Amino acid sequence: MATGQTVTVYGAYGHTGRFVVAHLKERGFVPVAAGRDAARLKALADEHPGLDVRPASVDDPVSLDRAMDGVAAVVNCAGPFATTAAPVIEAALRAGIPYVDVAAEIEANADTFTHFADRAHGTGTVIVPAMAFYGGLGDLLATAAMGDWTEADEAHIAYGLNSWEPTEGTRAAGKVSAERRGGRRVRFTKGQLAYHDDELPTLQWSFPHPLGPRAVIGEFTMADVVTVPSHLSIPEVRTYMTTEAAGGVVSPDTPTPTAVDEHGRSAQTFLVEVVVRSGDTERRAVARGQDIYAVTAPLAVEAVDRILTGRTRTVGVASAGEIFDAPDFLDALSPHVTVELRA
Ligand SMILES: NC(=O)c1ccc[n+]([C@@H]2O[C@H](COP(=O)([O-])OP(=O)(O)OC[C@H]3O[C@@H](n4cnc5c(N)ncnc54)[C@H](OP(=O)(O)O)[C@@H]3O)[C@@H](O)[C@H]2O)c1
């Protein structure tokens with residue numbers, strides 16, 4: 001249990017930000033709610049009496065400095081991160097505090113490594129991008145599955161979601177990323193991101209119980225193609241998505257997530273299977289849980305807790321698998337995520 005350290009959540013009243021605010025409180029942190037809409041911050045404070053709210057806009061560095069004043073860390077939940085990541089990181093650097101975000105935008109995540117690695121390293125600041133379901137969990141699983149391997153030929157990350165009802169933020173992130181790519185698609189091959197116009201293949205993936213064999217879209221490229229190769233020597237990283245979920249997230253008719261339990265989680269379930277292959281040998285890791293947005297909160301908050309208690313392996317910009325002890329981190333996610341490692 002944390003001992004009352006304050007943590008700013010930027011984008012606190014968004015769908016994911018709300019899960020993070022609630023989870024910080026559960027873990028004994030004191031959240032500070034920041035975001036650009038004062039009225040929505042006030043409405044959030046009505047649900048959390050005593051909540052410190054600090055309106056702040058990414059166009060106004062002084063307001064961001066106020067949002068970071070006196071806090072121990074910041075979690076950025078406001079996307080598109082193409083717009084918010086750089087100004088919020090700049091404010092974290094000015095305040096000298098660690099920064100964690102939940103960005104699922106491949107180019108924005110790559111920009112964070114490119115633009116901030118030197119300064120963050122130079123000042124000893126910790127910046128963890130994509131500390132979320134996409135990007136973070138897959139990286140932790142791939143790192144744990146690697147075990148004593150330092151390199152592998154391929155990593156495959158298969159997302160077995162029964163459905164995907166996207167938030168407005170997910171749709172906006174997808175739109176911004178598509179615009180940045182000029183409508184092209186992206187994959188990670190031969191050790192780098194490569195843009196292409198190929199049709200995405202539909203394949204069969206044999207998920208473990210309870211999903212079993214499912215149709216998946218191949219090269220449904222997610223943020224793991226930035227996080228995994230940022231620290232593991234794996235030239236081919238591919239991600240896959242069940243066709244039901246891929247169809248749901250792109251359809252304009254799919255509703256936003258509906259809460260079905262007292263924690264506000266939706267009925268969405270996930271099974272993520274990671275396979276790393278070196279020559280003829282494969283190693284696997286599997287994670288199961290409920291609601292990809294809700295589970296992002298324990299991922300981000302566990303990261304904050306480890307950073308603030310010195311349970312880290314490096315400084316600068318680093319992905320979850322590089323900076324944390326991956327098997328230990330995954331163990332700590334119970335009961336939110338159940339993990340199995342298989343050689
Ligand atoms: N990697 C992952 O697995 C993962 C998991 C969860 C979420 N995410 C990402 O997190 C982001 C938020 O998702 P969500 O589900 O919480 O969506 P959401 O409910 O639509 O919330 C979006 C939040 O971002 C804020 N925002 C948007 N543009 C902003 C700007 N220019 N300046 C300041 N704030 C801005 C919104 O504030 P306003 O209402 O004032 O616009 C709101 O607080 C998305 O990019 C999503 O892809 C990633």
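Residues numbered from 1 in each chain as written. Predicted model: local features only at pLDDT ≥ 70, side-chain atom pairs only at ≥ 80, totals over all residues. Heavy atoms only, no water.

An unreviewed UniProt entry annotates the protein chain as Saccharopine dehydrogenase of Streptomyces griseoruber.

Participant: What exactly am I supposed to notice about the sheet that holds strand β6 (residues 126–128) here?
Facilitator: Whether parallel or antiparallel, the strands of a sheet pair through hydrogen bonds between backbone atoms. Taken in spatial order, the seven strands line up as β3-β2-β1-β4-β5-β6-β15 in an open sheet, and their pairing is parallel. Only two strands of the sheet have a single neighbouring strand rather than two, namely β3 (52–55) and β15 (316–317). Against the sheet, helix α2 (residues 38–47) engages β2 (30–35) and β3, with an angle of about 175° to β3. Sitting on the sheet, helix α10 (residues 296–308) touches β1 (6–10), β4 (73–76), β5 (99–101) and β6, and the angle it makes with β4 is about 160°. (Pairing = 2+ DSSP bridges. Helix = DSSP H or I, 4+ residues; strand = E, 2+ residues; numbered from the N terminus. Contact = heavy atoms within 4.5 Å. Axes fitted to C-alpha atoms, helices over the stretch in contact; angles between N-to-C directions.)

Participant: Looking at this model, I keep getting lost on α2. Mind explaining?
Facilitator: Residue pairs spaced three or four apart in an α-helix point in one direction, given the helix's 3.6 residues per turn. Of all the positions in α2, only Leu41, Leu44 and Ala45 are classed as buried. For α2, the angular spread of buried residues about the axis comes to 100°, placing them on one side. In α2, the exposed positions that point more than 90 degrees away from the buried face belong to Ala39 and Asp46. Sitting at the amino-terminal end of α2 is aspartate 37, which places a side-chain oxygen 3.0 Å from the backbone nitrogen of alanine 39. (Buried < 20%, exposed > 50% of the residue type's maximum accessible area, 1.4 Å probe, protein only. Arc of directions from axis to C-beta. Polar contact = N/O pair within 3.5 Å; in protein donor to acceptor, adjacent residues only side chain to side chain.)

Participant: Could you clarify how one ought to interpret the packing of aromatic side chains in this entry?
Facilitator: The description of two aromatic rings rests on the distance between their centres and on the angle between their planes. Going through the model one piece at a time under the given rule, you end up with eight aromatic pairs. A network of ring pairs unites the aromatic residues Phe133, Tyr134, Tyr159, Trp164 and Phe270 as a single cluster. (Phe/Tyr/Trp six-rings, centres within 6.5 Å; stacked < 30°, edge-to-face > 60°.)

Participant: Explanation requested: the UniProt feature "domain: Saccharopine dehydrogenase NADP binding" (unreviewed entry) in the protein chain in the structure shown.
Facilitator: Using the residue numbers shown here, the UniProt feature "domain: Saccharopine dehydrogenase NADP binding" (unreviewed entry) corresponds to residues 7–107. Within the segment residues 7–107, helix and strand shares are 47% and 21% respectively, and the terminal C-alpha atoms sit 26 Å apart. (UniProt positions renumbered as here; feature names shortened; annotations may be inferred.)

Participant: Please clarify how the pairing of β4 should be interpreted in this entry.
Facilitator: Within a regular beta strand, the side chains point alternately toward one face of the sheet and then the other, so they alternate between its two faces. Judged by which residues are buried, β4 turns out to be covered on both faces: Ala73 and Val75 on one side and Val74 and Asn76 on the other are all buried. Direction of pairing for β1 relative to β4: parallel, over a ladder of four bridges. Within β4, the position partnered with valine 9 by the bridge is valine 75. Across three bridges, β4 lies against β5 in parallel orientation. Its bridge partner being in β5, valine 75 is matched across the sheet by valine 100. In terms of handedness, the path from β4 via helix α4 (residues 81–95) over to β5 forms a crossover that is right-handed. (Right-handed = clockwise from strand over helix to strand, strands pointing away.)

Participant: Honestly, empty space enclosed by the protein in this entry has me stumped. Any pointers?
Facilitator: Taken as a whole, this structure holds one cavity of 30 Å³ or more when the rule is applied. Of the voids in this model, the largest cavity is the one considered here, and its volume is about 30 Å³. Considering the residues around the largest cavity, the lining is formed by Arg187, Phe188, Glu219, Thr221, Val225, Val237, Arg238 and Thr239. For the lining of the largest cavity, the secondary-structure elements that each account for two or more residues are β8 (185–189) and β12 (236–242). Here the residues of the lining of the largest cavity are counted per class, giving three nonpolar, two polar and three charged. (1 Å grid on protein atoms, 1.4 Å probe; cavity = no way out; pocket = protein on both sides within 12 Å on 5 of 7 lines; lining within 4 Å. Points joined across faces, edges and corners; volume = space filled by probe spheres on them. Nonpolar A, V, L, I, M, F, W, Y, C, P; charged D, E, K, R; others polar.)

Participant: Explanation requested: the environment of glycine 135 in the structure shown.
Facilitator: By the secondary structure assignment, glycine 135 is in helix α6 (residues 133–146). Between the C-alpha atoms of glycine 135 and serine 319, which are 184 residues apart in sequence, the distance is 8.2 Å. Apart from residues lying up to four places away in sequence, glycine 135 is in contact with Ala130, Tyr159, Ala223, Asp224 and Thr227.

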